[in-house]
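# Summary of structural features
This is what each chain is made of:
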Amino acid sequence: MVGSSMVFRSNMASPAVMQLSSLSRRSLSTRSPALALRLSRPLRSGTSSQQSVQRTFRRSYADAAPAPKPKKRFRFLRWAWRLTWLSGVGLTGALVYSIYEQLHPLEQMEPDPTKKTLVILGTGWGSVSLLKKLDTENYNVVVISPRNYFLFTPLLPSCTTGQVEHRSIMEPIRNILRQKKAHVKFYEAEATKIDYEKRVVYISDDSEIKGDISHTEVPFDMLVVGVGAENATFGIKGVKEHSCFLKEVGDAQKIRKRIMDCVETAMFKDQPEEEVKRLLHMVVVGGGPTGVEFAGELQDFFNEDLKKWIPEIKDNFHVTLVEALPNVLPMFSKQLIDYTESTFKEEAITIRTKTMVKNVTDKYIEAEVTKPDGTKELETIPYGLLVWATGNAVRNVVRDLMNQIPAQKNSRRGLAVNEYLVVNGAENVWAVGDCAVTNYAPTAQVASQEGAFLARLFNTMAKTEAIEKELKKLSEAQAEAKNEEERNQIFDEIRERQKQLRRTKQIGPFQYSHQGSLAYIGKERAVADISWLSGNIASGGTVTYLFWRSAYLSMCFSTRNRVLVAADWLKAKIFGRDVSRE
C-alpha cells in the first residue's frame, strides 16, 4: 500500500512537471536558449525535483524580465543636462566663430574720389557707435583722434584698484575700422581748429616721436564733432595742480599709483601719526555714478586686500565722498539714494553732502559746509589722495567753432544742435556726445544712441542721393524714348523709384530711449533704476550687482573685451587685487 501510494504521488506529479517543462520551453526558448536547454534535460521524480524546477523557472524568469522604466524626475534631469550641454557647445561655437571672424577681416573697397568726404572727430561713445553702424562704402570716411582706441568708461573706476586691467576695456580703433566694407583712414592727431568757412580741420601730431610733418589740414564735405569734454574745475584754485581726474586710462593708472604711494609713505619709518592719518585719507569730490563707484571700489580694495597684506593701516585708512548737492546719485530714485547711503554707512564711507570745495592745496581742501540750520562754515579737510569726478567743460576746439557761428553765441555748455543733431547755424556739421547740447544728460548711453541715429541718417541720405540720381537718368531716358511702349515702361520705373524715395526719407528726429541707470556701491552690491514697459524698476543689493556685471559685460564692445574682463574678475576673485605700485 505504501509503495502504491508513492507510485500514485509520483504519477500525479509527473504531468505537472511535464506541463511546467512544456510551458518553460515555449515561453523561454525565445527569451533564453540556455534556459530552454537546461529545462529540457530529464528531471528527477519527487517533490524536490518539482521545487527545484520551480525555483529555476522563477529565477530565470526574473533574470529575463525587462528592467523597470526610469522615473520621470530622472528623465527631466537627463533632458536638462542635454540642453545645458548643447547650449554650452553652441555658445563655444559662436565664440570661436566670432574670434575667427575678427581675426580674418575681408578685403576692403578703396576710397572713391567721386564720393563725399565724411570726417569724424573723436573715438568716444558717439563716434564709435556711428562707425559701427555706418555703411562706409557710401562715403570716404576719415577718423581723427588723439587716442587710437575706444575706452569702455563705465569700468574705469575698477581699473583704479586693479579689479580690471586697463587693457581689458580698450578696443583698438583699427580693429573696428578694419571690419568695415570700405577702407577708412585714421589719423592719430589732435584737432586744433575747425575752419567752418573753408571746410577744413587743422590737426597736430602730439606723439613723442615726430615725423617731417606734424601739422596739416584735412578737408571735409561732412563733419561730425564727437571730441567729448574736459573735466570741469569751476575755476577753483588748485584743482588742476593737485587733483586726480577719472576720464582717461592715464587717469586710472595715476590714481592706482597714488593709492599705493600714500600707503607706502604712511608706513615709512618714524612717520608722525597725524601725517599717517592724512596720507590714508582718500577724498572723492563728486556724488555722481563715477564718484560713487570709485568710492565703493576703493573701500573694497581696502577691506579685501590692503587690510590683509598691510594690517598696520586698518585703523587710519578712510574714504570720504564730498558732494555739493543735498544727496548723492541725484538721477536715481529716493529709495535707491537712501539704500546707497545706508550701504556706505555700513562700509564706513563718510558722505559729506552740502559741502562745496572752495580751494585745493597739496595737503588739504577748504570746503564751505552748509549746516542743517542753513548757516555756512569753512572747513579744512586733509587728504592723501584727491579724486575730482564732477562735471564737464567745453574743449578749446569746440569753443573756437562756436565763436565762428553766430547762432552759437548764447550757448555755453557746448554746440547747440537741432532735433537731427545738426549744429545750429551750420550746414553739414553734426555734434554728438558730451560736446553737444541737447535736452538729455551727457552720458555714455545718450552718446551711443546719438551715434547710432547719425549712422541711420547718413545711410538714408546716401540711399536718397542714389535714388535721386537714378530718377534723373530715368527722366533723361524717358525724354529720349523712341516709342510709347518704351516711354511707359520708363515711367513705371520712375513711379517705383519715387515710392522708394518717399519710404527712404521717412526718418524722424532723434529721440532718446532711456534704458536705465546702474551704479556699483561696494560690498558686492549695486543699485539699478531700469525702465520697464511704462514704468521703472528700482532695485539694489547682491542680485542687482550680478545684473550690473552681466549688463556691463554685454555692453563691452567686442568678444575680446568680454573675455578679458571676465578673466580679470575671476583672477581678482581667486588671487585678490595686486598691491604693487606699478
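Above this note sits the structure.
We now turn to the structure provided with this report. (Residues numbered from 1 in each chain as written. Predicted model: local features only at pLDDT ≥ 70, side-chain atom pairs only at ≥ 80, totals over all residues. Heavy atoms only, no water.)

## A short note on the nonpolar core
Ranked by size, the top nonpolar core spans 121 residues in total, and within it V225, L454 and F458 carry the most contacts. With sequence-adjacent residues up to four places away left out, L454 is seen in contact with L130, V224, Y420, L421, W430 and V432. In this structure, F245, V360, Y383 and L386 belong to the second largest nonpolar core, which totals 14 residues. (Core = buried A, V, L, I, M, F, W, Y, C linked by side-chain atoms within 4.5 Å. Buried < 20%, exposed > 50% of the residue type's maximum accessible area, 1.4 Å probe, protein only. Contact = heavy atoms within 4.5 Å.)

## Remarks on the packing of helix α9 (residues 249–266) against helix α11 (residues 289–309)
The geometry of α9 relative to α11 is characterised by a closest axis approach of 13 Å and an angle of 45° between their N-to-C directions. Judged by the angle between their axes, α9 and α11 are oblique. Viewed along their axes, α9 and α11 form a crossing whose handedness is right-handed. Packed against α9, whose contacting residues are I255, I259 and M260, the element α11 presents F294, L298, F301 and L306 at the interface. Looking at side-chain class alone, the contact of α9 with α11 contains seven nonpolar, no polar and no charged residues. (Axes fitted to C-alpha atoms, helices over the stretch in contact; angles between N-to-C directions. Helix = DSSP H or I, 4+ residues; strand = E, 2+ residues; numbered from the N terminus. Parallel < 35°, antiparallel > 145°, perpendicular 65-115°, else oblique. Left-handed = near helix turned anticlockwise from the far one by under 90°. Nonpolar A, V, L, I, M, F, W, Y, C, P; charged D, E, K, R; others polar.)

## Here's the deal with the packing of aromatic side chains
What characterises a pair of aromatic rings is the spacing of the ring centres plus the angle enclosed by the ring planes. For the coordinates displayed, the defined rule picks out 15 aromatic pairs. Between the aromatic rings of Y440 and F510, the centroid separation amounts to 5.9 Å while the plane-to-plane angle is 85°, which identifies the pairing as edge-to-face. Here the residue Y440 occupies a position in the loop between β22 (436–437) and α14 (444–479), and F510 occupies one in the loop between α15 (484–504) and β23 (516–522), the gap between them amounting to 70 residues. For Y440, a relative accessible area of 31% corresponds to the partly exposed category. A relative accessible area of 9% places F510 in the buried class. Through successive ring pairs, a cluster of aromatic residues spans W125, F150, F152, Y520, Y545, W548, Y552 and F557. The positively charged end of R82 is found above the aromatic ring belonging to W79, 4.8 Å away from the centroid. Its guanidinium or amino end placed over the ring of F557, K132 lies 5.0 Å from that ring's centre, counting from NZ or CZ. (Phe/Tyr/Trp six-rings, centres within 6.5 Å; stacked < 30°, edge-to-face > 60°. Lys NZ or Arg CZ within 6 Å of the ring centre and 35° of its normal.)

## What to know about unusual backbone geometry
Phi at A348 takes a positive value of approximately 70°, unusual for a residue other than glycine. Inspection of the secondary structure assignment puts A348 in the loop between α12 (334–346) and β14 (350–352).

## With respect to the sheet that holds β23
With respect to topology, three strands assemble into an open sheet ordered β23-β24-β25, the strand pairing being antiparallel. Only two strands of the sheet have a single neighbouring strand rather than two, namely β23 and β25 (535–541). Averaged over all neighbouring strand pairs, the angle between strand axes comes to 10°, with direction disregarded. Sheet topology places strand β24 (residues 525–532) next to β25; seven bridges connect them, and they run antiparallel. Looking across to β25, one finds that I530 is bridged to I537. With respect to the sheet, helix α16 (residues 542–555) is in contact with β23, β24 and β25, its orientation differing from that of β24 by roughly 70°. (Pairing = 2+ DSSP bridges.)

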